[in-house]
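Take a look at the letters that make up each chain.
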Amino acid sequence: MNNQAIGIFDSGIGGLSVFQEIKKLLPFENLIYFADQAFCPYGTKSQSQIRKRVLSALSFFEKQKVKLVVIACNTATTVGIDYYREKFPKVPIIGVVPVIKTAGGKTVTKKVLILATQSTIENPYLNVLINKFGKGIKFFKLGDWEGQLVKMIENGELKQKKIEKELDFLLTPFLNQNIDTVVLGCTHFPLIRNQIQDIFGARVQILDSGGAVARHTQRVLENKGLLAENQKPDYTFYTTANIERLNRSIQNFIYILNAKVKKMTFPTD
Ligand code: DGL
């Protein structure tokens, strides 16, 4: 048994979609959520810029003595998960990648759309996953160029016409391609799942990684004997940007009122 917290990291509020799944599956765990919103979106940044930020976040988690870190960001995971593990060998680090294998097992039409950040779409690692798990399937890739969607989600513009228009513009070309499965390869996108579903209609299944990451987290903690004992958990949130903005997103997306939200400043900011 171990009551130290689990650290959950993302460039912004996308990782809240993963936080939610972990909270549901592991209700006794203390969770520390860290959003690097001052540097969001990551999807338009270089590999070395992203790696540097993630290392700072990992140092922060190390000081908090977390027992495990979840990099709840496909972009940060795909640019350097092995590198982070090499730099922080003492703490287990779990990453998030698009669920290509699951999609491959579920698609009937053998046509799948992957929606991710510019960085993830361009990352050769995505093709490694496709070649390994996606034999015989046509994968369409759509990148969030210039981080437009992520920026709108971060700004809480979800119910406004602007995001609907952007999604219509981006997704309409894929509507007559016989696609039956959409992979949300960015943790921000489950936060706009309903809007995406509305465009594709109910016959298209939309998959994200949150549940799988939560189950993986549970397995790792179990195997290492690190699960928390039955207790009322503590949730703390940190942002490198604006506390009120993060607080609003926490209320809107994961319905935690009176969350403990704190400011965190990177050494480089
Ligand atoms: N939420 C992140 C992901 O899963 C990245 C969004 C961004 O900062 O561009 O890729």
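Treat the numbers as computed from the prediction; the structure is a model and nothing was measured.

Caption draft 1: The arrangement of the packing of helix α1 (residues 16–25) against helix α10 (residues 210–223) in detail. Orientation of α1 relative to α10, taken along the N-to-C sense of each, is 45°, at an axis distance of 8 Å. The orientation of α1 relative to α10 falls into the category oblique. Remark: the crossing between α1 and α10 carries right-handed chirality. Packed against α1, whose contacting residues are Val-18, Glu-21, Ile-22 and Leu-25, the element α10 presents Gly-210, Gly-211, Val-213, Ala-214, Arg-215, Thr-217 and Gln-218 at the interface. For the contact of α1 with α10, the per-class residue count stands at 5 nonpolar, 4 polar and 2 charged.

Caption draft 2: Representation of the UniProt feature "binding site: substrate" (unreviewed entry) in the protein chain within the structure. Look at the UniProt record and you will see "binding site: substrate" (unreviewed entry) annotated at Asp-10, Ser-11, Tyr-42, Gly-43, Asn-74, Thr-75, Thr-187 and His-188. In three dimensions, the annotated residues from a span of 179 residues occupy one location, with a maximal C-alpha spread of 11.9 Å. Among the secondary structure elements, Tyr-42 is positioned in the loop between β2 (31–35) and α2 (47–63). A relative accessible area of 1% means that Tyr-42 is categorised as buried. In this structure the side chain of Tyr-42 is engaged in a polar contact, spanning 2.5 Å, whose partner is the side chain of Asp-36. Take Thr-75: its relative accessible area is 3%, and that puts it in the buried class. Ignoring anything within four residues of it in the chain, the contact list for Thr-75 reads Tyr-42, Gly-43, Ile-50, Thr-117, Ser-119 and Thr-120.

Caption draft 3: Up close: the site of the ligand. Around the ligand sit 14 residues, and of these Ser-11, Tyr-42, Thr-75, Thr-187 and His-188 come closest. Contact between the ligand and Tyr-42: an oxygen atom at 2.6 Å from a main-chain N or O atom of the residue. Within the backbone of Gly-43, one N or O atom sits 2.8 Å away from an oxygen atom of the ligand. The fraction of the free accessible surface of the ligand (300 Å²) that becomes covered by protein chains is 99%. Here the residues of the shell around the ligand sort into 6 nonpolar, 7 polar and 1 charged.

Caption draft 4: Focus on the nonpolar core. Formed by 57 residues in total, the largest nonpolar core has its most connected members in Val-70, Leu-171 and Phe-237. Other than its neighbours up to four places away in sequence, Phe-237 contacts Leu-16, Phe-19, Tyr-33, Leu-246, Ile-250, Ile-254, Ile-256, Ala-259, Lys-260, Val-261 and Lys-262.

Caption draft 5: Layout of the pairing of strand β10 (residues 260–263). As paired elements, strand β9 (residues 235–239) and β10 share 4 bridges and run parallel to each other. Opposite Thr-236, over in β10, you have Lys-260 as the bridge partner. For the crossover from β9 across helix α11 (residues 243–254) to β10, the handedness is right-handed.

Caption draft 6: Layout of the environment of Ile-256. Residue placement: Ile-256 occurs in the loop between α11 and β10. In this view, Ile-256 contacts Phe-19, Lys-23, Tyr-235, Phe-237, Ile-250 and Gln-251; residues no more than four positions away in its chain are not counted.

Caption draft 7: Main features of unusual backbone geometry. Cis peptide bonds are those with omega within 30 degrees of zero, and the linkage from Cys-40 to Pro-41 qualifies with 5°. You can see Pro-41 is positioned in the loop between β2 and α2. We note that Lys-65 has phi near 55°; this positive angle belongs to a residue other than glycine. The topology assignment puts Lys-65 in the loop between α2 and β3 (68–71). Positioned with a positive phi, Glu-146 is a non-glycine residue whose angle comes to about 60°.

Definitions and limits used
Residues numbered from 1 in each chain as written. Predicted model: local features only at pLDDT ≥ 70, side-chain atom pairs only at ≥ 80, totals over all residues. Heavy atoms only, no water. Axes fitted to C-alpha atoms, helices over the stretch in contact; angles between N-to-C directions. Helix = DSSP H or I, 4+ residues; strand = E, 2+ residues; numbered from the N terminus. Parallel < 35°, antiparallel > 145°, perpendicular 65-115°, else oblique. Left-handed = near helix turned anticlockwise from the far one by under 90°. Contact = heavy atoms within 4.5 Å. Nonpolar A, V, L, I, M, F, W, Y, C, P; charged D, E, K, R; others polar. UniProt positions renumbered as here; feature names shortened; annotations may be inferred. Buried < 20%, exposed > 50% of the residue type's maximum accessible area, 1.4 Å probe, protein only. Polar contact = N/O pair within 3.5 Å; in protein donor to acceptor, adjacent residues only side chain to side chain. Near = heavy atom within 4 Å. Areas by Shrake-Rupley, 256 points an atom, 1.4 Å probe, with all protein chains shown as cover. Core = buried A, V, L, I, M, F, W, Y, C linked by side-chain atoms within 4.5 Å. Pairing = 2+ DSSP bridges. Right-handed = clockwise from strand over helix to strand, strands pointing away.

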